[in-house]
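Architecture at a glance
This is what each chain is made of:
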Amino acid sequence: MSSNEEWRRVDGRRWDELREIRIESGVLPNADGSAYIEMGRNKIIVGVYGPREMHPKHLARPHTGILRCRYHMAPFSTEPRRSPAPSRRDMEITMVMRYALEPAIFLERYPRSTIDVYAEVLQADGGTRCASITAAAVALADAGIPLKDLVAACSAGKYEGRIVLDLNDHEDKYGEADLPLAYMPNLGSITLLQMDGLLSPEELDRCINLAIEGCRKIYEVQREALKRKYEAKKEVEGN
Amino acid sequence: MSSNEEWRRVDGRRWDELREIRIESGVLPNADGSAYIEMGRNKIIVGVYGPREMHPKHLARPHTGILRCRYHMAPFSTEPRRSPAPSRRDMEITMVMRYALEPAIFLERYPRSTIDVYAEVLQADGGTRCASITAAAVALADAGIPLKDLVAACSAGKYEGRIVLDLNDHEDKYGEADLPLAYMPNLGSITLLQMDGLLSPEELDRCINLAIEGCRKIYEVQREALKRKYEAKKEVEGN
Amino acid sequence: MSSNEEWRRVDGRRWDELREIRIESGVLPNADGSAYIEMGRNKIIVGVYGPREMHPKHLARPHTGILRCRYHMAPFSTEPRRSPAPSRRDMEITMVMRYALEPAIFLERYPRSTIDVYAEVLQADGGTRCASITAAAVALADAGIPLKDLVAACSAGKYEGRIVLDLNDHEDKYGEADLPLAYMPNLGSITLLQMDGLLSPEELDRCINLAIEGCRKIYEVQREALKRKYEAKKEVEGN
Amino acid sequence: MKSGKGGFTSRLKLKRIQEAISSGKRLDGRGLEDYRDIRVKTGVIEKADGSSEVFIGDTRVIAGIEISHGPPFEDTPGEGILICNAEIVPLASPDIEPGPPDEVSVELARVVDRGLRSAGIVDFSKMEIIPKKTVYVINVDLFVLNHAGNLIDASTLAAVAALRSTIKPIFEVRNGEVVPSGRKEPLEIKSTPVSVTLSKIGGALIVDPTSEEEDAMETRLTITLDEKGNVCAIQKSGPEALTPEEVRKAISIAASKAPEIRSKIIGGT
Amino acid sequence: MKSGKGGFTSRLKLKRIQEAISSGKRLDGRGLEDYRDIRVKTGVIEKADGSSEVFIGDTRVIAGIEISHGPPFEDTPGEGILICNAEIVPLASPDIEPGPPDEVSVELARVVDRGLRSAGIVDFSKMEIIPKKTVYVINVDLFVLNHAGNLIDASTLAAVAALRSTIKPIFEVRNGEVVPSGRKEPLEIKSTPVSVTLSKIGGALIVDPTSEEEDAMETRLTITLDEKGNVCAIQKSGPEALTPEEVRKAISIAASKAPEIRSKIIGGT
Amino acid sequence: MKSGKGGFTSRLKLKRIQEAISSGKRLDGRGLEDYRDIRVKTGVIEKADGSSEVFIGDTRVIAGIEISHGPPFEDTPGEGILICNAEIVPLASPDIEPGPPDEVSVELARVVDRGLRSAGIVDFSKMEIIPKKTVYVINVDLFVLNHAGNLIDASTLAAVAALRSTIKPIFEVRNGEVVPSGRKEPLEIKSTPVSVTLSKIGGALIVDPTSEEEDAMETRLTITLDEKGNVCAIQKSGPEALTPEEVRKAISIAASKAPEIRSKIIGGT
């Protein structure tokens, strides 16, 4: 079915097409690093603080740094409005986000320290956890934290019987399966993998491959954003 | 309109008249200082503990003492009954109460220490924050804590088009504006100032002046209460 | 009325008869000591950890150990399902359980340490606090903690005008009085005593005596359980 | 001068208290079975449906009653509801931190609640407004203003006195909705329970402990009795055991003291 | 380079700020009564019923509006509801910890709320759907993304701009139930309050403090005014006192600055 | 003797575990793809509508099912509700503190939930009682009594076994209200998902880790499959990455182990 190159999705995309994606780094004056991402109608901002001394101190570890994450949604990010109190879903995404980013960071270089990554979803449109991870990787780089590789994240899934890339909110809700995946392209490593729905082993394999392809494309957008920032900075410093 | 000296309010008061006010100090055997105030139908009791060692210790500050306040309402203080859990309103009043009292205390004399002021509203009838501050100042003096000046507090506002002093619950709810103010008469300093409602700049000015006049009268009642206590104590010690 | 030896309760028991009771010790591989009790349809499991270092440290006491208890009900233990959040009832039972067990333990031998006793009610059928205490005493012994005496617990009460032993859920709900009691048979000491309902002084006296008799019988079951475990252990070690 | 106002009592003081009581005396001169001075005022919170203030020595408790309406409990669909809540606010003692109710205030509320309920202080079966849907709800709020020991007895007394002073708003059903009728009537009180709390200190039983005595006590036993001499609640609390004889003795002391305490509210209303 | 982005400002820096202001200057070159650059965007959250983003210098606040329906407050049964909520999320400043709203964000929400409500920004009496049962509910959610001082002015501005941009879903009653009609209309705005916050530093009054200036400030006074020059909210916050003269001066500065700030939204919609 | 019962595993032990697994062996003698002994009992909580107890080695989990009724979720108005809740109670391991659910128990509940829901274990579209108003609610409560590793597989197994044993009370509508009809019927089960969790340790993949192995593991991957071999949930959890090849290998191991695990409940009911 996916061979049908004529077929278009509700939002006009081909089966293997990403939503429009825009990433900007260095958007928050206070944070040590930050990034803003728009992916379809998703709007997410991520701020990074650290490496910095851990408070409270008893949580610090003598031989390694700690990565702390928070995934949080603004009350107005969904319709209907959501309560500001963190949900069980927020707790789980907070956890997988940490696991998705940790493999990219040389935590052992920061004993007794913490790196705090805060993702705030301003508008949600399906795939917020992937977009948050993608933006967080850029924010970490923007903070000057050396990374083993950028982490790019993207989902694939099944909607009306077809394998598709980067599900939007509608496809996520009414589709048959959703598989969010995070990938470090240069290391060939998967750092996030979840799946919800029903897929045959063969479909699953296609989803994983498609999501990895999506991550590669996103990786280019991430690099572009960092380059832009770097050049802008050089210009400013040149003044 | 306020020139109409014949006009009387729902509770029979003139426009510039305070409700009946009664203050008693030294009412709680356990507290280091305490005061009970009745102002109209408001009934509020305040206890002071300290200066004492700060617990938990990490909140202590090496070069100054800290003033902590708590404004809290008994479940039976309002109709309908209120939940015992602190509300957002309680949090805000707790904060402005601290700011209203802090300018009167030589906090720098008490490094590593805390002074705790607890106000419990037993019956609420409009103007509880002012009455709590008024009673708290007496309780602080009763605790033997030297004060730069007493802090007296009182509201002025607008009800049915007239500027009036010391709004009761009905006037507060159905009136056009309420302006609570705390004042140190000898220092000529305003330590609390809030306003809720709608006032022209000229009305606002009259409200501020009227509230300050109210505070001066309350100050006399505060002094009287402390004097009574002091004399009673002398008598007891004379025995 | 209780002289009527023919009379039988809704579940077929005589007035002075315990429900069927089964205790097994050493049921949890991870815990330092544990016991499982079935008493009627009650099913409760208790785990003991310690004596072990107290965390957080500031709760430790330099000259004595501390006993901490937790009484908790599984969501599926009652009909309708209960919320997993601890209730005020759970808080109170947690406290009286600690007081019921503390007199049996040489806490002064474990300075800076804690002994943690966790009771989980898997199915509730009236008398869970007593069954929890009974199982906890066995679990403490199973943990190798020397005890001054075993603590056995049992309720007596009044149902349809008669004094009865060991009330089940129905008798507890629809009866006139319920008196849970814990007893150390060799020391002749009462460590738990509560009463809910209405009893004449004479009925109260009979309830206390009856509950003590019940505890003596339960004590035998406790000893049996510990002996079985001890013998099983010897056999295993003999291999 | 402020020593002994709660807070930590020194080891020396604790020893002196225990030794005195062992030899039949108390530091404040009372006999072992003497209460401190008890004072009961009602109507102290005019806006509440009922209220009282109780002093036992320096211990001071206010009770406020609100009568409202709501759905019945699932397991007693035809009966009214009584809910006890207790707060020991931080001005009551140097040891109390602001925060959600701890073990001590939860126990306090629950023991008072059991006494009122078991004694049948009101007739719960006559509190229905809409059958199985809406019943009268009695909120009893206890507020400890000064903690100088024996909170349970003071709180039970305050709750009962406040209920006895309660003027109940009458609700009625209009167009299927429960609304106040505007009429009121005194709440009908069926029973007057009082609690007597005994502390075991230095092996002896005393009534009405001060905070310092509570710091020195081995264990505590509260017995609540109605006016017919029936026992309607018992609560042992504290880290040490009691013999059956001690329990019996405590019950008999409680039975003998209860009428004296009850007279403070029967007289005081 | 990242100094002065919130967090602890050094004692030396605080002193320099105070000395500069005492002599009529500010470290960033502004005059005492100059605001930083103010930018207002609306429609930034397309899915919300109304939204805005406000920048005052580096301070950045988003406001989102949702119009729903619910029961009225007990004491205003015929009126609609407006609820303000504010979150200062941890990416806004190195000092902010994740957690439930603290004193600062509670105050922020309440001061903005009072300004909107007192100014009568909407006509609450026209928000009934089912008489005394169901009314329109306006949720105003403030979200601080970067905290560089003067949150109250930025948040009031964001709330008002977002409300002015709001397209309200119209609810109707079908078979006794409130359902969306599918139709929408602009929310009718009756007033345009703006707040002006003054800080007293080194004895002088300045407007629009940065975070560093806030660290150095003695006290703070917020005055909210409507377009007719009426004052609709005041909030003093901060540990030091003000003289009546200082208050009067602050009110007069606020009155003179308000139109300039208001022009950013009247122009910006 | 009690070593290896959870708690901190020594660095030496962790190294031994990793080295053994690198060379294809496990400390307890199992092969890399061998499960510990699995036992499943149902009907262990007679009062519940369904229940089970699952042992995988020393890991022990109870599941209890309650069928009640309530409003549907807003976004699926015609469908029934299934809610998973998991508690790892403090007697399960020396490391667990009493308190609200932490990250680990929230993840546990959510991964089990996703497996049940994605597999379509019940037909949610047939669970309406009053159209769009009231639906059947299935509460699945997981209770971990002993934590010796691999909680997800044990919990999924317990949930499925408990649901398969469930006798559903039938509700009916009388005078507009939902009431129990008094009749019951077995809950119709449409699918039997099982989860297989793999751990990567010393670069190799193993199934069914013990707690000590979990302390030594680099990362974890759970794959839930239905009886047709479809994958219905995946969860990677843990601080290290996996290559696509490792993921593929894990999926194929899971597919080959699932029938063996499923036989424990198909057989065990």
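Residues numbered from 1 in each chain as written. Chains lettered and ligands numbered in written order. Predicted model: local features only at pLDDT ≥ 70, side-chain atom pairs only at ≥ 80, totals over all residues. Heavy atoms only, no water.

Another point: helix H1 (residues 11-22) of chain E. Residues and elements named next belong to chain E. Given a rise of 1.5 Å per residue, twelve residues ought to cover 16 Å, and the 16 Å separating the end C-alpha atoms of H1 matches this to within 8%. Along H1, the residues classified as buried are Leu14, Ile17, Ala20 and Ile21. In an axial view of H1, the angular spread of the buried residues amounts to 130°, which keeps them on one side of the axis. Residues of H1 that are exposed and point over 90 degrees away from its buried face: Arg11, Leu12 and Lys15. Those residues of H1 hidden inside the fold are in contact with strand S9 (194-201), strand S10 (204-207) and helix H4 (211-216). The first or second residue beyond H1 is Gly24, which carries a positive phi of 85°. (Helix = DSSP H or I, 4+ residues; strand = E, 2+ residues; numbered from the N terminus. Expected span 1.5 Å × (residues − 1). Buried < 20%, exposed > 50% of the residue type's maximum accessible area, 1.4 Å probe, protein only. Arc of directions from axis to C-beta. Contact = heavy atoms within 4.5 Å.)

Let us now look at the environment of Pro146(B). Residues and elements named next belong to chain B. With respect to the helices and strands, Pro146 occurs in the loop between helix H2 (128-142) and strand S6 (152-159). With relative accessibility at 34%, the residue Pro146 sits in the partly exposed group. Apart from the residues within four sequence positions on either side, Pro146 is in contact with Ala104, Phe106, Arg109 and Tyr110.

Time to look at the interface of chain F and chain A. Opposite the 35 residues of chain F that make contact, chain A presents 33 residues. Interface of chain F and chain A: buried area, both sides summed, is about 2800 Å²; carbon and sulfur atoms make up 57% of it. Taken as a group, Glu103(F), Arg110(F) and Lys236(F) account for 21% of the area that chain F buries against chain A, more than any other trio of residues on that side. Between the two partners, chain F and chain A, sit four salt bridges. A salt bridge links Arg98(A) to Glu103(F), with the nearest nitrogen and oxygen atoms 3.0 Å apart. Contributions of two or more residues to the side of chain F that touches chain A are made by strand S4 (81-88), helix H2 (103-118), strand S12 (231-237) and helix H5 (244-266) of chain F. Residue classes in the side of chain F that touches chain A are distributed as 16 nonpolar, eight polar and eleven charged. As paired elements, strand S9 (residues 189-199) of chain A and S12(F) share four bridges and run antiparallel to each other. What sits directly across from Gln194(A), in S12(F), is Gln235(F). (Buried area = accessible area lost by both parts, 1.4 Å probe. Salt bridge = Lys/Arg side-chain N within 4 Å of Asp/Glu carboxyl O. Nonpolar A, V, L, I, M, F, W, Y, C, P; charged D, E, K, R; others polar. Pairing = 2+ DSSP bridges.)

All names here are of chain B. Spatially, S1-S2-S3-S5-S4 is the arrangement adopted by the five strands of the open sheet, whose pairing is mixed. Edge positions in the sheet fall to strand S1 (21-25) and strand S4 (66-73), since each of these pairs with one other strand and no more. The average undirected angle you get between the axes of adjacent strands in this sheet is 15°. Of the pairings in the sheet, the one linking strand S3 (residues 42-53) to strand S5 (residues 113-123) comprises nine bridges and is antiparallel in character. Looking across to S5, one finds that Val46 is bridged to Ala119. The sheet contacts of helix H1 (residues 88-101) involve S4 and S5, and relative to S4 the element is tilted by about 140°. (Axes fitted to C-alpha atoms, helices over the stretch in contact; angles between N-to-C directions.)

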